[in-house]
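Chain and residue survey
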Amino acid sequence: MSQTVFAPWNDPDVKPLIQFKNVTKRFGDFIAIDNQSFDIYAQEFFALLGPSGCGKTTMMRMLAGFEKPTEGTILLAGQDIAPIPPNKRAVNMMFQSYALFPHLSVWDNIAFGLKRDRMATDAIAARVEEMLKLTRLEKFAKRKPHQISGGQRQRVALARSLAKAPKLLLLDEPLGALDAKLRQDTQFELMDIQEKTGTTFVIVTHDQEEAMTVASRVAVMDHGRIIQADTPARIYEMPNCVYVADFIGDVTIIEGRATKSGDGYDIAYAEGQPTLRATTDKSFENGQTCHLAIRPEKVTITAERPEGAANAVQGKILDIAYLGNLSTYHVELPTGQIIKSQIANTRRLSRRNFTWEDTVWLSWTETAGVLLEG
Amino acid sequence: MRRFALIAVPYFWLLALFLVPFLIVLKISLSDIALAIPPYTPTLDFSAGWEGFKAFLGALDLENFEFLTTDDLYWKAYLSSLQIAFIATVATLIVGYPIAYGMANAPDHWRPTLMMLVILPFWTSFLIRVYAWVGILSTEGYLNQFLLGIGVISEPLTILNTNTAVYIGIVYTYLPFMILPIYSALERLDASLLEAAEDLGCSRITAFWLVTVPLSKNGIIAGCFLVFIPTIGEFVIPSLLGGSKTLMIGKVLWEEFFNNRDWPVASAVAVILLLILIIPIILFQRNEQKQREADG
Ligand SMILES: Nc1ncnc2c1ncn2[C@@H]1O[C@H](COP(=O)(O)OP(=O)(O)O)[C@@H](O)[C@H]1O
Ligand SMILES: [Mg+2]
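Residues numbered from 1 in each chain as written. Chains lettered and ligands numbered in written order. Predicted model: local features only at pLDDT ≥ 70, side-chain atom pairs only at ≥ 80, totals over all residues. Heavy atoms only, no water.

Residues and elements named next belong to chain A. The element strand 7 (residues 168-172) is extensively covered by neighbouring structure, given that 5 of its 5 residues are classed as buried. Burial of strand 7 is two-sided: the residues Leu-168, Leu-170 and Asp-172 facing one way and the residues Leu-169 and Leu-171 facing the other way are all buried. Sheet topology note: the strand 6 (residues 91-94)/strand 7 ladder contains 4 bridges and is parallel. Bridge assignment links Met-93 to a residue of strand 7, and that residue is Leu-170. Sheet topology note: the strand 7/strand 8 (residues 200-205) ladder contains 5 bridges and is parallel. For Leu-171, the partnering residue across the bridge sits in strand 8 and is Ile-203. (Buried < 20%, exposed > 50% of the residue type's maximum accessible area, 1.4 Å probe, protein only. Helix = DSSP H or I, 4+ residues; strand = E, 2+ residues; numbered from the N terminus. Pairing = 2+ DSSP bridges.)

So, in structure tokens, the structure goes:
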């Protein structure tokens, strides 16, 4: 059975909805966005992920029209948007602070944008009702923003920005203020709404789990640059540099020198220790500095040396992080290198095999680690 | 007990500084004019005991209030005061709002300086500042000299001793009372609300009317009352800058007291003025209360 996968970025015939072309944004001498070119496709759920201050909001504000690129152009459906003021763009933004109008009821907040378009009164009412239903806010229509909870406010902000059926919806850290449970529910709600409305979403977040959950593609940013933009699975499994590997999820990074051998590389990571093995489609020169990134869940922990493992090292358990469903073991090798191993807690706590100070073997396959350039 | 003491202090304060003087004025307004010191009768004679007190009460009557209705000077003065106060309040709002708006949108490091400039006039005597306007507005004053000098006018303008001069004086004097509450409302305004309004299709001007103005409404109301209430009873400005045709109740009151030495009628005028002021004062308090509830 074949299922059509949503991957317009792989199809050269599809025209992107948004194109950044060598966009640079400076504030005085400070470079907030550094010569970026990338595309976002219609109906995508595109996530911008990065630490605070890396330029995520600036990127959104340029799309919304509150900032102009210092250099370069941004095209929306093939048209340069620089001369179009924010109130004339088919783009709506859900603000980080929600920016709900405190003097207007929930109903009037949602209707605000529609009224500006001089729609007929009953058409406005119908659209507002539709939005209230979509965001399950019917009961709160008459309340003022200060009379509803944080989660409801967030839904009002979403409904308000969706009401005008924009081509592009910008969400700036939309779930930042919510607690974990509500956050998760809302993430699924967002994905649901995105699917129902077919709107293109660009979401900003500094929470990698959130980006991975909701997005069709994730762009990992640092210092005004997109380091890697790819599907969540590829970002996780095939990071293109140490920064991305380190930023997304838990990872052990081992620095060493690569030497070609067979169809992979031997990695010498410490004096007098046996080399590690990894395969990769990148090519390294002999003796080139490299980093091996290994996800903890791909490292097996055993009491005895495992038979035939491509990589096996012995160490002492330094720390155990109990996460409920999972436990992460921090194992220290004699060289001082710490490797993390994560295993599912299928047994009860009292019957767990390993404890602090135990000497254990860690093993992983040739393909488990990702070999990255220095 | 401590709670009681805490509450008792402000109540005692109000009693001593507001209620007691008011009762004295009320009592005088019910008395009759007399050629004596003090210039009214009856006065309470404690040595006469209970009988004396009854006689004292018996001598009080509403004659002065009836008198106020017989002469149309009084109700005309009240009405004219309300009208002048209203027009002056609107004028102060028109001048004050843009200043407050400019201050709230000025760079952060400028704001304390601008704030000081607004408050600065309070550090000099009110009387001197109003007198200064006499020098500016008179026929040979600086304003006329300047306008004649640059050739805008060929005849000096008559501004002093007209209602225009009174309006100028009131706007000038009460401007800070208008600016400060509006400024504090505008300063708290979240700039992202204006961006949200623009994002949803408003032009800058519509965003101003639909977001900035409603959200500074409480500041506007507070500012208007702070100007309107004291302006109704204003005396110094109309007597220094106004003309013979400027009719304000504060001036009438002063003349009753000091020119006619008719304390009972003057007191009756004051009591009615107070009753008129109670309405806007209550409205003002309710606005403040609403504001506090919205903030809290
Ligand atoms: N209006 C501005 N003036 C000067 N610097 C700014 C302005 N807006 C953003 N910056 C700077 O640009 C950088 C990126 O900001 P921002 O896009 O808000 O980051 P993020 O949303 O990723 O946390 C920050 O270092 C910030 O200080
Ligand atoms: Mg931000």
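Having seen the structure, we can now continue with the description.
All names here are of chain B. Along its sequence, chain B is organised into domain 1 (20-61) and domain 2 (71-295). Surface buried jointly by domain 1 and domain 2 totals about 820 Å² across both partners, of which 80% is contributed by carbon and sulfur atoms. Taken together, the links from domain 1 to domain 2 amount to 0 salt bridges. Here domain 1 is connected to domain 2 by 0 residue pairs in polar contact (both at pLDDT 80 or more). Class assignment for the residues of the side of domain 1 that touches domain 2 results in 8 nonpolar, 2 polar and 1 charged. (Domains from an automatic or database assignment. Buried area = accessible area lost by both parts, 1.4 Å probe. Salt bridge = Lys/Arg side-chain N within 4 Å of Asp/Glu carboxyl O. Polar contact = N/O pair within 3.5 Å; in protein donor to acceptor, adjacent residues only side chain to side chain. Nonpolar A, V, L, I, M, F, W, Y, C, P; charged D, E, K, R; others polar.)

A few words now on the nonpolar core. Soluble, globular proteins show a tendency: their nonpolar side chains are buried together. Residue and element names in this part refer to chain A. Counting residues in each nonpolar core, the largest one holds 42 residues, and the members touching the most others are Ile-110, Leu-158, Leu-162, Leu-171, Leu-190, Phe-201 and Val-218. Per-element tally for this core: the top contributor is helix 4 (residues 150-163), with 6 residues. Beyond its immediate chain neighbours, meaning those up to four positions away, Ile-110 contacts Val-128, Met-131, Leu-132, Val-156, Ala-159, Arg-160 and Ala-163. Ranked by size, the runner-up nonpolar core spans 41 residues in total, among them Val-23, Leu-48, Ile-84 and Met-221. (Core = buried A, V, L, I, M, F, W, Y, C linked by side-chain atoms within 4.5 Å. Contact = heavy atoms within 4.5 Å.)

All names here are of chain A. The full set of residues close to ligand 1 is Phe-27, Phe-30, Ala-32, Pro-51, Ser-52, Gly-53, Cys-54, Gly-55, Lys-56, Thr-57 and Thr-58. The separation between an oxygen atom of ligand 1 and a polar main-chain atom of Gly-53 is 2.6 Å. Here an oxygen atom of ligand 1 sits 2.6 Å away from a polar atom, N or O, in the side chain of Thr-58. Protein burial of ligand 1: of its 560 Å² of free accessible surface, 60% is covered by the chains. Listed by contribution, the elements that provide at least two residues to the shell around ligand 1 are strand 2 (30-40) and helix 1 (56-64). (Near = heavy atom within 4 Å. Areas by Shrake-Rupley, 256 points an atom, 1.4 Å probe, with all protein chains shown as cover.)

On to the sheet that holds strand 15 (residues 300-302) of chain A, then. Through backbone hydrogen bonds, the strands of a sheet pair up, either in parallel or in antiparallel fashion. Residue and element names in this part refer to chain A. Read across the sheet, 5 strands follow the order 15-19-16-17-18 without closing on themselves; strand pairing throughout is antiparallel. Whereas interior strands pair on both sides, the edge strands pair on one side only; in this sheet they are strand 15 and strand 18 (338-344). Adjacent strand axes in the sheet meet at a mean angle of 45 degrees, parallel and antiparallel pairs treated alike. As defined by bridge partners, strand 15 adjoins strand 19 (residues 359-364) across 3 bridges and the pair is classed as antiparallel. Looking at the pairing, Thr-300 lines up with Ser-363 of strand 19. (Axes fitted to C-alpha atoms, helices over the stretch in contact; angles between N-to-C directions.)

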